[in-house]
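An overview of the molecular structure
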Amino acid sequence: MGRSDRAESVLENLRERIDRPTTELQYDTPYQLLVAVILSAQCTDERVNKATPDLFDTYPTVEALADATPDDIYPYIQSITFPNNKSGYLAKMARQIVDQFDGQVPEAIDDLETLTGVGRKTARVVAQVAHDADALPVDTHVFRVANRIGLVKEDATTPKKVEQQLKRIIPKEDWGEAHHLLILHGRYTCTARSPDCHDCPIREACKHYGRLQRLPGPIDGLDPSAGTYYCTTSDHYFDEPETHVDRHNLEQVACPRCGSMQVVRTSTGEPTKQVKDYRVNG
């Protein structure tokens with residue numbers, strides 16, 4: 001299956017599972033959305049949504065926030081990750097909007113990126129959600145899911161590369177919807193630590209699932225007293241493994257006698273071999 005066909009199949013199946021593919025951040029205005037997205041960096045939407053009602057009650061407009069100091073803002077967002085940094089970002093961002101954009105949150109992505117605390121992803125989320133701009137923001141969920149499924153190539157090692165490759169295979173009119181579908185799929189099904197492959201509507205199109213299926217099954221009848229590990233290639237028990245790097249640049253447990261990576265843990269019979277996974281670096 002080519003990447004374009006894979007993307008079409010994935011989006012079609014995710015649409016059937018996810019009724020309302022939209023942001024879970026709670027906001028009423030572009031100003032509130034911008035604040036919420038800045039606060040959501042390395043933080044859950046749920047935690048942001050608990051903090052923003054009191055913040056917005058006290059600072060209902062960007063002008064009100066522009067008059068605040070970081071120390072004024074901090075108590076409202078102290079439950080958010082990195083509250084010291086973010087309170088400073090919000091105070092400076094609000095003053096920039098008042099001074100440079102006449103108190104209006106800019107619509108253009110390039111203008112949004114000039115604001116303190118607003119990076120590539122934040123600018124694209126605000127532009128797409130608030131103004132329906134042609135943007136396909138890539139956060140940690142989109143990065144992980146797009147790589148796992150195989151919507152992007154192996155060289156898509158940064159969010160920018162993932163964004164560029166997704167845009168080539170997804171029609172422009174679907175970019176915003178695809179962003180939300182992939183985020184929500186990554187948040188609730190294809191999670192970072194324990195993806196729920198058994199309840200996944202797109203597993204048949206997913207390269208990661210295919211790799212998992214190709215792993216050997218557990219072996220019964222091993223003797224843990226003979227060694228911590230067992231090499232199925234050389235029929236050898238051992239306690240001190242070697243490590244070898246496989247063709248995906250993953251460090252794998254290897255047999256010290258023959259170098260094979262076909263090794264299992266004797267306590268469970270499960271293979272030690274890992275399947276490549278994906279995280280945003282930096």
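Residues numbered from 1 in each chain as written. Predicted model: local features only at pLDDT ≥ 70, side-chain atom pairs only at ≥ 80, totals over all residues. Heavy atoms only, no water.

To continue, consider the overall build of the chain. The number of helices and strands found in the chain is 12 helices and 5 strands. If one aligns the C-alpha atoms of the chain with their principal axes, the spans along those axes are about 75 × 40 × 30 Å. Going through the 282 residues of the chain one by one, you find that 46% of them count as buried. Split by element, the accessible area of the chain, about 14,600 Å² in all, is 43% carbon and sulfur. Each charge class in the chain was averaged separately, 33 positive and 43 negative side chains, and the resulting centres sit 6 Å apart. (Helix = DSSP H or I, 4+ residues; strand = E, 2+ residues; numbered from the N terminus. Buried < 20%, exposed > 50% of the residue type's maximum accessible area, 1.4 Å probe, protein only. Areas by Shrake-Rupley, 256 points an atom, 1.4 Å probe, with all protein chains shown as cover. Lys, Arg positive; Asp, Glu negative; His and termini not counted. Charge placed at Lys NZ, Arg CZ, Asp CG, Glu CD.)

Applying the stated rule across the entire model yields 13 salt bridges. Linking Glu24 and Arg187 is a salt bridge whose minimum nitrogen-to-oxygen distance equals 2.6 Å. Placement of Glu24 in the loop between helix H1 (3–17) and helix H2 (30–39) and of Arg187 in helix H11 (residues 175–188) is noted, with a sequence separation of 163 residues between them. A relative accessible area of 30% places Glu24 in the partly exposed class. In this structure Arg187 comes out as partly exposed when scored by relative accessible area, which is 24%. The salt bridge partner of Glu163 is Lys167, with a shortest N-O separation of 3.0 Å. Note that Glu163 and Lys167 are positioned in helix H10 (residues 159–169) at a spacing of 4 residues, about one turn of the helix. (Salt bridge = Lys/Arg side-chain N within 4 Å of Asp/Glu carboxyl O.)

This part takes up the packing of aromatic side chains. With the rule as written, the count across this model stands at 4 aromatic pairs. Look at Tyr229 and Phe238: their rings are 5.5 Å apart centre to centre, the planes differ by 20°, and that puts the pair in the stacked class. Its relative accessible area of 15% is what places Tyr229 among the buried residues. (Phe/Tyr/Trp six-rings, centres within 6.5 Å; stacked < 30°, edge-to-face > 60°.)

Grouped together as the largest cluster of nonpolar side chains are 39 residues, with contacts concentrated most on Leu34, Val35, Leu55, Leu65, Ile73, Leu90 and Met93. For this core, the secondary structure elements donating two or more residues are H2, helix H3 (45–58), helix H4 (62–66), helix H5 (70–77), helix H6 (83–100), helix H7 (109–112) and helix H8 (120–131). For this core, the element with the highest residue contribution is H2, accounting for 8 residues. When neighbours within four sequence positions are excluded, Val35 is seen to be in contact with Leu55, Phe56, Leu65, Leu90 and Met93. Core analysis: the second largest hydrophobic core is formed by 33 residues, Ala146, Ile170, Ala178 and Tyr209 among them. (Core = buried A, V, L, I, M, F, W, Y, C linked by side-chain atoms within 4.5 Å. Contact = heavy atoms within 4.5 Å.)

For the rest of this paragraph, the subject is the pairing of strand S4 (residues 251–254). Pairing analysis gives 4 bridges linking strand S3 (residues 242–245) to S4, with the strands arranged antiparallel. Bridge pairing links Val245 to Glu251 in S4. Connecting S3 to the next strand, S4, in antiparallel fashion are 5 residues, including Asn249 with a positive phi near 65°. (Pairing = 2+ DSSP bridges.)

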